[in-house]
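Structural overview for review
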Amino acid sequence: MKVKINRNAAKMLKKMLESEEAQGKMIRVYVTENHVNHAHFDLKLDTPTEHDEVVKTDKDIDILLDTREEFLDGVWIQYFFLPKEEFLITNPSTGFHQH
């Protein structure tokens, strides 16, 4: 499985991982809605489960992905400051949707 992260997202994810609530946890990207041909995504702090793959990124951030969810392979995590500060998580191979 693969994950791509832009520079801004890497900075924000590292801040999340440095927080007190992140003790022993990792970043998980997960599907919030599955629409057969595309999905909506979100992220949270979580611990690995038996169905997870820990994906190493080029930004030195490990991401948890559930191997049972095909829409997660190839997700792109971006963070934008304008027009408002937010993460944008898409999978270019399956459709451009976020949350």
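Here, the structure is the one placed above.
Residues numbered from 1 in each chain as written. Predicted model: local features only at pLDDT ≥ 70, side-chain atom pairs only at ≥ 80, totals over all residues. Heavy atoms only, no water.

1. Quick look at the nonpolar core
- By size, the foremost hydrophobic cluster in this structure holds 23 residues, and its most contacted members are Val3, Ile5, Leu13, Val29, Phe41, Ile63 and Ile77.
- For this core, the elements supplying multiple residues, two or more each, are strand S1 (3-5), helix H1 (7-18), strand S2 (26-34), strand S3 (39-46), strand S5 (62-66) and strand S6 (75-80).
- Residues within four places of Ile5 in sequence aside, it is in contact with Ala10, Leu13, Thr57, Asp58, Lys59, Ile61, Ile63, Trp76 and Ile77. (Core = buried A, V, L, I, M, F, W, Y, C linked by side-chain atoms within 4.5 Å. Buried < 20%, exposed > 50% of the residue type's maximum accessible area, 1.4 Å probe, protein only. Helix = DSSP H or I, 4+ residues; strand = E, 2+ residues; numbered from the N terminus. Contact = heavy atoms within 4.5 Å.)

2. Brief notes about the side chain of Asn6
- Structurally, the position occupied by Asn6 is in the loop between S1 and H1.
- A residue is classified by how much of its surface remains accessible, and Asn6, at 16% relative accessible area, is buried.
- In this structure the side chain of Asn6 is engaged in a polar contact, spanning 2.7 Å, whose partner is the backbone nitrogen of Ala9.
- Every residue in contact with Asn6, bar those within four places of it in the chain, is listed here: Lys59, Trp76, Ile77, Gln78 and Tyr79. (Polar contact = N/O pair within 3.5 Å; in protein donor to acceptor, adjacent residues only side chain to side chain.)

3. Digging into the sheet that holds S6
- Strand order in the open sheet made by the three strands is S1-S6-S7, with mixed pairing throughout. Lying at the two open borders of the sheet, with one neighbouring strand each, are S1 and strand S7 (86-90). Between one strand axis and the next, the sheet turns through 20° on average, direction left out of account.
- Sheet topology places S1 next to S6; three bridges connect them, and they run parallel. Counterpart to Val3 in the pairing with S6 is Val75.
- Where H1 meets the sheet, its contacts fall on S1, S6 and S7, and the angle it forms with S6 comes to roughly 85°. (Pairing = 2+ DSSP bridges. Axes fitted to C-alpha atoms, helices over the stretch in contact; angles between N-to-C directions.)

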